[in-house]
Amino acid sequence: MTIDPDSILIKNIKEKFGQSILDTVVFRNEATHLVKKDSLIEICNFLKDDPALQFNFLSDIAGADYFPKKPRFEVVYHLYSIPKKHRLRLKVTIGEDETVPSVTSIWKGADWAERETYDMFGIAFEGHPNLKRIYMPEEWEGFPLRKDYPLKGYKDRYNPLGEEK
Amino acid sequence: MTNTEEVITKEITLNMGPQHPSTHGVLHLLLDIKGENIIKAYPDIGYLHRGTEKIAENLLYHQFVPYTDRLDYMSAMSNNLAYVQAVEKLLGIEVTERAKYIRVAAAELSRIASHLLCIGAWALDLGAMTVLLYAFREREMVLDLFEMLCGARMTLNYLRVGGARYDIQPAFKEKCLEFVNMLPARINDYEQLLTENRIWLKRNKAVGVISAEDAINLGMSGPIVRGAGVKWDIRKDEPYLVYDRFDFDIPVGENGDCFDRYTVRMEEMRQAAKIVRQALEQLPDGKPCIDMPDVVLPPRRDIETNMEELIHHFKLISHGFKVPKGEAYSAIESPKGELGFYIVSDGSERPFRLKIRAPSFVNLQAINPMCKGAYLADVIAVVSSLDPVFGEADK
């Protein structure tokens, strides 16, 4: 199935949320919508409940750091519909001190994925029931997957080869 | 002490793991229990976190393949496959027909290896040691097959962007067919030991129940969501490689309990053996790698005998290859569920961002809903039935 501009993945969503869709890209047969942060929850609810789309499965949430570009972060949602067998990618861009609304109320599976994004990038999700670090120790300083975080980590008593702060 | 005195059961928090034989690695569970009843099960993970995604951003595309072996180390082939497929998707290349068949056979063998370990360790955890020994006997055969295929047994590093490292040899084909023809009878043996075993039934039936709706909402995939009755398998629903050419079934359960997840896995092994047999019987002639010198390394023999090939090899190893700017997500049905790689490329030789959608990580979220209200002993069955591998869950 190739995705063209008339595909329901693009047309239906653009018709409903024309104002909130900032950009639409189709690359390697995958549709990506860059959406406004404020309408994320509304769009996600629509995608899940619309009978033609039925995105009932949240595959993953990923963060990405485009430092030093501003706004620096992107949060990427990978959605899949088990009944309709199609995929869609949603993106929101945010700055360093901003928060993203949590989608845990729509897909419960977003819980750990959002915690992971918080742990690795320091992106806070508003409305998340338990936003704590998941991989790193709770007292860890810094967010490892940020581009300005050194590969070797920072120097401390456990990491003599790390970089000076 | 008089008999009229009331016994008060206090609520306590029990730490299970990270060093515990039944937690399949380094799972640390915080269990709020009252007597023997679980009030809340809270998984604490990250003990094996190695920062694989950060490492990937600093490596050339082909250098990352060995790291994928160390994710789900019980089925390294599936990880190799998921990663190289994502890179190939970004590059926009399609591998040769022969490579596709080789990949299917390799991935299904690793599914058998992974499920054998899952069933064996699960039975061991619930007190049936024989099954583990039997399962390891067969797993050993799969590992021997991998050794014939690529020289390694666990960390295989076999698939590469553009194909596979080595071609399938006739001796491997013969041995492999022998194995997959024998396997169904062996699976019957395990079934005889377990499926109607009273202890096995008591400890797995109606334990760790999850409904289809909850499983989907929680992001479960693989045998867990199929055990709950959802007929969803990426091999069928979004066929990659040549899965659409083979005849195989997707087993599903009804109740979503541990026992259904067990039967699903047993049947999946039979189906995997069937797929391997078909793939090897229909194996077309051709090369294991595509003809694309700027991505694919020259064959070993040419490097040793030909100066130009040696230079080319050196150049490719040290400089890598550029991948067009863009992003792609590619998912496969790994033994544990949906294993996906999301790669953002900035047009250079290294991924700008690489995100692993690890099925074990997502599936672990089900521990609390599955264990709530159950007995302490059920936690063991639930953890085994989720089959988490921490190389993958902790990345």
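Residues numbered from 1 in each chain as written. Chains lettered and ligands numbered in written order. Predicted model: local features only at pLDDT ≥ 70, side-chain atom pairs only at ≥ 80, totals over all residues. Heavy atoms only, no water.

1. Some thoughts on the sheet that holds strand β8 (residues 351-357) of chain B
Residues and elements named next belong to chain B. Here we have three strands laid out as an open sheet, ordered β6-β7-β8, and antiparallel in their pairing. Both edges of this open sheet fall to β6 (326-334) and β8, since each of them pairs with a single strand only. Across this sheet, the average inter-strand angle for adjacent strands is 15°, counted without regard to direction. Relative to β8, strand β7 (residues 337-345) runs antiparallel, the two sharing six bridges. Across the sheet, the residue bridging to S345 is P351, located in β8. (Pairing = 2+ DSSP bridges. Helix = DSSP H or I, 4+ residues; strand = E, 2+ residues; numbered from the N terminus. Axes fitted to C-alpha atoms, helices over the stretch in contact; angles between N-to-C directions.)

2. Regarding the packing of aromatic side chains
Evaluation of the coordinates by the stated rule reveals 20 aromatic pairs over all chains. Aromatic side chains W200 of chain B and Y262 of chain B sit 5.2 Å apart centroid to centroid with 70° between the ring planes, which places their arrangement in the edge-to-face category. Of the two residues, W200 of chain B is situated in helix α7 (residues 198-204) and Y262 of chain B in helix α11 (residues 258-281); the sequence distance between them amounts to 62 residues. When its relative accessible area of 3% is taken as the criterion, W200 of chain B is described as buried. For Y262 of chain B, a relative accessible area of 0% translates into the label buried. Taking NZ or CZ as reference, K147 of chain A lies 4.0 Å from the ring centre of F352 of chain B, over its face. (Phe/Tyr/Trp six-rings, centres within 6.5 Å; stacked < 30°, edge-to-face > 60°. Buried < 20%, exposed > 50% of the residue type's maximum accessible area, 1.4 Å probe, protein only. Lys NZ or Arg CZ within 6 Å of the ring centre and 35° of its normal.)

3. Here's the deal with the pattern of salt bridges
Residue and element names in this part refer to chain B. A complete count under the given rule lists 46 salt bridges over all chains for this structure. The partner of D69 in a salt bridge is R70, and the shortest N-O contact between them spans 3.9 Å. Given the relative accessible area of 37%, R70 is considered partly exposed. When salt bridges that share partners are traced, they join E108, R111, R226, D233, R235, E268 and E333 into one network. (Salt bridge = Lys/Arg side-chain N within 4 Å of Asp/Glu carboxyl O.)

4. Observations regarding the packing of helix α4 (residues 97-125) of chain B against α11 of chain B
All names here are of chain B. In contact at an axis separation of 9 Å, α4 and α11 are set at 150° when each is read in the N-to-C sense. One way to sum up the angle between α4 and α11 is to call them roughly antiparallel. The interaxial crossing formed by α4 with α11 has left-handed handedness. In the contact of α4 with α11, the residues fall into 19 nonpolar, one polar and five charged. (Parallel < 35°, antiparallel > 145°, perpendicular 65-115°, else oblique. Left-handed = near helix turned anticlockwise from the far one by under 90°. Nonpolar A, V, L, I, M, F, W, Y, C, P; charged D, E, K, R; others polar.)

5. A word on unusual backbone geometry
Backbone torsion omega between F67 of chain A and P68 of chain A reads 5°, so that peptide bond is classified as cis. Summarising the element assignment, P68 of chain A is placed in the loop between β3 (57-65) and β4 (73-81). Of note, the amide linkage connecting K70 of chain A to P71 of chain A takes the cis form, showing an omega dihedral of -10°. Relative to the assigned elements, P71 of chain A resides in the loop between β3 and β4. A positive phi is found at K85 of chain A, a non-glycine position, where the angle reads about 55°. Here K85 of chain A shows up in the loop between β4 and β5 (86-94). Backbone geometry places L241 of chain B, a non-glycine residue, at a positive phi of 45°. Relative to the helices and strands, L241 of chain B resides in the loop between α10 (234-237) and α11. On the accessibility criterion, L241 of chain B (16% relative accessible area) is buried.

6. Some points on the nonpolar core
Among soluble globular proteins, nonpolar side chains are generally buried collectively. Ranked by internal contacts, the top residues of the largest apolar core, which has 181 residues, are L47, Y77 and L90 of chain A together with Y83 and F341 of chain B. The element best represented in this core is α4 of chain B, accounting for 14 residues. When residues no more than four places from it in sequence are discounted, the contact partners of L90 of chain A are H33, V35, L40, I43, C44, L47, V75, V76, Y77 and L79 of chain A. (Core = buried A, V, L, I, M, F, W, Y, C linked by side-chain atoms within 4.5 Å. Contact = heavy atoms within 4.5 Å.)

7. Here's the deal with the pairing of strand β3 (residues 37-44) of chain B
The two faces of the sheet receive side chains in turn, since in a regular strand these alternate between them. Residue and element names in this part refer to chain B. The pairing of strand β2 (residues 28-34) with β3 spans seven bridges and is classified as antiparallel. Paired with L29 across the bridge in β3 is P43. Where β2 folds back on β3, the antiparallel hairpin that results is connected by two residues, among which G35 adopts a positive phi of roughly 65°.

8. Section: the interface of chain B and chain A
Accessible area lost during the coming together of the parts is what is often quoted as the interface size. Between chain B and chain A, the residue contacts involve 46 residues of the former and 47 residues of the latter. Carbon and sulfur atoms supply 55% of the area that chain B and chain A bury against each other, a total of about 3800 Å² over both sides. Contact with chain A buries surface across chain B, with K54, N217 and E327 of chain B losing the most and accounting together for 17% of the total. Summed over the shared surface of chain B and chain A, the result is ten salt bridges. The salt bridge involving E57 of chain B is made with K147 of chain A; its shortest N-O contact spans 3.2 Å. (Buried area = accessible area lost by both parts, 1.4 Å probe.)

9. Let's talk about α4 of chain B
Along its 29 residues, α4 of chain B runs 42 Å from first to last C-alpha, staying within 8% of the 42 Å computed at 1.5 Å per residue. Two residues or fewer after α4 of chain B comes G127 of chain B, characterised by a positive phi angle close to 95°. (Expected span 1.5 Å × (residues − 1).)

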